[in-house]
Amino acid sequence: MLDMSWGEVMLIGGVALIVIGPKDLPKALRTVGQVTRKVRRMAGEFQMQFNEAIREAELDDVRKEVDGIRDTVRNASGGFNPVQTIRDELKGAVEARAPKPSAATLADATAQLKAAESETPASGGGAYDVPKALDQPVAQTTAQHATDIEAAPAAPPVPGSVDDPYGPAPDPAPAPHGPAPSAPAAGH
């Protein structure tokens with residue numbers, strides 16, 4: 001603690017014995033021990049308070065940083081909502097593609113509908129009437145379909161058939177079955 005060697009301690013002890021005297025030396029040593037203990041305790045408390053103040057200062061810095069990050073996140077989260085952003089983009093794309101009707105177009109369409117309604121006779125059946133029967137007899141319609149079928153282009157020929165303009169496919173040479181015949185032996 002005070003960097004004293006044993007020789008120095010013995011010298012101090014001898015001087016104390018001569019100055020204080022043998023009778024009062026135990027009391028003096030006890031008092032020195034108590035004072036030393038109090039000084040050490042005070043030094044320990046001071047060191048603990050100093051370390052605690054440093055930790056609190058560091059914690060305050062950390063708290064300030066965390067609060068700053070929280071504020072940043074709160075401010076950023078209010079301005080960024082991915083779901084709302086996607087909805088807005090889709091809505092904008094749909095509105096951009098859809099033609100916006102003008103007042104003149106709506107008026108023209110309304111006038112055309114009214115004119116069409118006034119030209120058709122009122123059947124009293126409503127908007128979902130059953131279509132009327134065909135004006136042509138069924139025989140004429142069937143004959144017309146037959147004519148349409150005859151006038152349709154013919155289907156292309158199947159490759160390799162008799163109708164194929166390139167002719168039928170050549171027959172492949174039959175593959176021999178079993179082992180190939182061997183030449184007769186010359187020695188027999």
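Residues numbered from 1 in each chain as written. Predicted model: local features only at pLDDT ≥ 70, side-chain atom pairs only at ≥ 80, totals over all residues. Heavy atoms only, no water.

So, the overall build of the protein chain
Right, on to step 1. When helices and strands are tallied, the protein chain shows 5 helices and 0 strands.
Right, on to step 2. Along the protein chain, from the amino end to the carboxyl end, the secondary structure elements read α-α-α-α-α.
Right, on to step 3. Accessible area for the protein chain stands at about 18000 Å²; split by element, carbon and sulfur atoms hold 63% of it. (Helix = DSSP H or I, 4+ residues; strand = E, 2+ residues; numbered from the N terminus. Areas by Shrake-Rupley, 256 points an atom, 1.4 Å probe, with all protein chains shown as cover.)

A word on the packing of aromatic side chains
Right, on to step 1. In this structure the tally under the stated criterion is 1 aromatic pair.
Right, on to step 2. When the centroid spacing of 6.4 Å and the interplanar angle of 20 degrees are considered together, the rings of Phe46 and Phe50 count as stacked. Here Phe46 pairs with Phe50, and both are found in helix α2 (residues 25–79), just 4 residues apart, close to one helical turn. (Phe/Tyr/Trp six-rings, centres within 6.5 Å; stacked < 30°, edge-to-face > 60°.)

Let's talk about the confidence of the model for the protein chain
Right, on to step 1. Scored by pLDDT, the protein chain has a mean of 75; 63% of the residues are at 70 or more.
Right, on to step 2. Element-level pLDDT for the protein chain is lowest in helix α5 (residues 138–151), with a mean of 59, against a maximum mean of 88 in helix α1 (residues 6–20). (pLDDT = per-residue confidence, 0-100.)

A closer look at the pattern of salt bridges
Right, on to step 1. Across all of its chains, the model carries 2 salt bridges by this definition.
Right, on to step 2. Among the ionic pairs, Asp60 bridges to Arg63, the shortest N-O distance being 3.4 Å. Of the two residues, Asp60 and Arg63 are both situated in helix α2; the distance of 3 residues between them amounts to about one turn of the helix.
Right, on to step 3. Take Asp60: its relative accessible area is 35%, and that puts it in the partly exposed class. (Salt bridge = Lys/Arg side-chain N within 4 Å of Asp/Glu carboxyl O. Buried < 20%, exposed > 50% of the residue type's maximum accessible area, 1.4 Å probe, protein only.)

Quick look at a nonpolar patch on the surface
Right, on to step 1. Taken together, the side chains of Leu11, Val15, Ile18, Val19 and Ile20 define a hydrophobic patch exposed on the protein surface, amounting to about 530 Å² of accessible area.
Right, on to step 2. Here Val19 lies in helix α1.
Right, on to step 3. Accessibility expressed as a relative area gives 65% for Val19, which makes it exposed. (Patch = residues over 30% accessible without salt bridge, like charges linked within 9 Å, V, L, I, M, F, W, Y side chains within 5 Å.)

What to know about helix α3 (residues 82–97)
Right, on to step 1. Between the first and last C-alpha of α3 there are 23 Å, a value that for 16 residues agrees with the 22 Å anticipated at 1.5 Å per step.
Right, on to step 2. Little of α3 sits out of view: just 0 of its 16 residues are buried. (Expected span 1.5 Å × (residues − 1).)

Considerations on α1
Right, on to step 1. Taking 1.5 Å per residue, 15 residues should reach 21 Å; α1 reaches 21 Å between its end C-alpha atoms and fits that length.
Right, on to step 2. Gly21 sits one or two residues past α1 and shows a positive phi near 100 degrees.

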